[in-house]
Amino acid sequence: MTTPQRQLNLNIGINTTGYGGRAWKARSGSAADITDPAYYFRLAQLAHRGRFDALFLSDHPALMRDSGQRPLHTLDPLILLTFLAGQVPDIGLVATISTTYNSPYNLARRAQSIDVLTGGRLVVNLVSSFNPAVAANFGNEPLPPREVRYARAIEFVDVAKQLWSSWDPAESGEVPPDHFWDASAAHEIAHEGRFFSVRGPLNVPWGPQGHPVLAQAGASDRGIDFAALHGEIIYANVLSRPAGRAFGERLRNRARALGRDPAGIRIVPGVVPVVAESREAALRKHEILSGTGSEDGLLRRFAIESGLDLATFDPDAPLDPARFVPDQNRQWAVGMALGLSELLTHETLTARQAVRRSEGHHRLVLGTPEDVADQLIDLWQDGTVDGYTVQPLVAPDDISLFVDKVIPVLQDRGVFRREYAGDTVRERYGLPFPARSPARVAQPHEKAS
């Protein structure tokens, strides 16, 4: 028996008008697209034509009030992706869900319902909310501290896994003639923990891929613990090979320390492609779509966002990585902000070089279609990453360009599929089928006080 050839995995971000906050001026379409079902249907059709593994929707349940930027998050991800799943076959669905402002039973039921109805196409991207504006939309309580949010997130997923495992009709014995089903196939989970008290069982059965694939995006110390315990697809900020290898080693070592086989983890970082007929044209396109207008504009933005003094800023001086390490205890997200410091730890770069390495905290790949394909294959071929979550700066334009120009190059190189194979996202990612999670008895120190 021959081993199947390893294939590149690709997800595609379809949030509103694209990943670039100020790139909306350069796109085709209108402001009304962000709530137009026909627009999202078009994006899903494009992605399906490109044979992407999944549609990716990040989420942030609060309206960001900068009207100079497009709203990145509008429609609820689970609802929008369910709408698209009924019209576009095959393609997976990545929905971002907050563990801070949801209940395990409600999320487990909604997610498993979608996974059953779509035949195993759902990925749940579990995040810990970090914005006080989100907290204010869910009550008067302030945003919990980071350590509390992550402790809650870990227990949240533990409970969800127990619920997903709590009813499996396949385990039924012989059903008596006067019974519709075998009651022994379901069991209460009777969870009593620090944050949740949930009896169960879930009223949606074990699904076509066991439970939905679990994605996670933490790179802080607490985020790594969360990802190592529960993450299967890891959305990360990987800007170079050395940084990517260090991140992967850290994550897999932590998984082993927690008693988990890291073979069930796939690293699929964000990547921002800028495709043009030449590298020079791609550089100019990057300047336009970034909203800065020029290389000097990129450098000015870099200095301001990094808290550097514009009067003394030298764009051609080597950058000190220590200057860019985010505070692990800050209120806002830590993981994505680590990318630059990790890049500079392994490479000596100036600001002029650094502004062409990332955009929106993700690796920037720019040039001709062949250039972009080469850069994608580069970190994938030696296993530094397993694939990418492509974040086009403008939609639909950059999605069309990527599908028409870059995907054929990847297919001709033999690293990306020409047709979908396998029925579930779990199969396409080569992820193990999950074992049923037994009901867990909370320890005394975990009981709610």
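Scroll up to find the structure this text is about.
No experiment lies behind these values; they were computed from the predicted model shown.

Chemist: Would you mind showing me how to read the pairing of strand β7 (residues 213-216) here?
Modeler: Taken residue by residue, a regular strand's side chains alternate between the two faces of the sheet. On β7, burial covers both faces: V213 and A215 on one face and L214 and Q216 on the other are all buried. Across four bridges, strand β4 (residues 122-127) lies against β7 in parallel orientation. Looking across to β7, one finds that L126 is bridged to Q216. Where β7 and strand β8 (residues 233-234) come together, two bridges link them in parallel fashion.

Chemist: I'm lost on the environment of A47 in this one. Help?
Modeler: With respect to the secondary-structure elements, A47 resides in helix α1 (residues 37-49). With relative accessibility at 0%, the residue A47 sits in the buried group. Sequence separation between A47 and L84 is 37 residues, and the spatial gap between their C-alpha atoms is 12 Å. Every residue in contact with A47, bar those within four places of it in the chain, is listed here: I12, F52, L55, I91 and Y420.

Chemist: Which parts of the structure should I look at to understand the pairing of strand β12 (residues 362-367)?
Modeler: The buried count for β12 comes to six of six residues, which makes it a mostly enclosed element. Both strand β10 (residues 270-275) and β12 contribute to a ladder of five bridges, which runs parallel. Considered in β12, the bridge of V274 is made with L366. Counted between consecutive antiparallel strands, the loop separating strand β11 (residues 358-359) from β12 contains two residues, among which G360 sits at a positive phi close to 60°.

Chemist: Got a minute to help me understand the sheet that holds β11 in this structure?
Modeler: Note on sheets: strands pair through backbone hydrogen bonds, and any given pair is parallel or antiparallel. Ordered in space as β9-β8-β7-β4-β3-β2-β1-β13-β10-β12-β11, the 11 strands form an open sheet in which the pairing is mixed. Of all the strands in the sheet, just β9 (266-267) and β11 have a single pairing partner and so form its edges. In the packing of helix α13 (residues 397-412) onto the sheet, contacts are made with β1 (9-13), β10 and β13 (387-390), and the angle to β1 comes to roughly 175°.

Here is what the cut-offs are and how they apply
- Residue positions are given per chain, counting from 1 as you read along its sequence in written order.
- Predicted model: local features are reported for residues with pLDDT of at least 70 only, side-chain atom pairs are reported and counted for 80 or more only, and whole-chain, interface and lining totals are derived from all residues.
- In computing side-chain properties, one takes all heavy atoms of the structure into account and sets aside hydrogens as well as water.
- Burial classes: relative accessible area under 20% of the type maximum marks a residue as buried, over 50% as exposed, and values in between as partly exposed (1.4 Å probe, protein chains only).
- Strands here mean DSSP runs of E at least two residues long; helices mean DSSP runs of H or I at least four residues long; both are numbered from the N terminus.
- A strand pair is defined by DSSP finding two or more bridges across the two strands.
- Throughout, a residue-residue contact means that at least one pair of heavy atoms, one from each residue, lies within 4.5 Å.
- Lines fitted to C-alpha atoms define the axes, with helix axes restricted to the stretch in contact, and inter-axis angles between N-to-C directions lie between 0 and 180 degrees.

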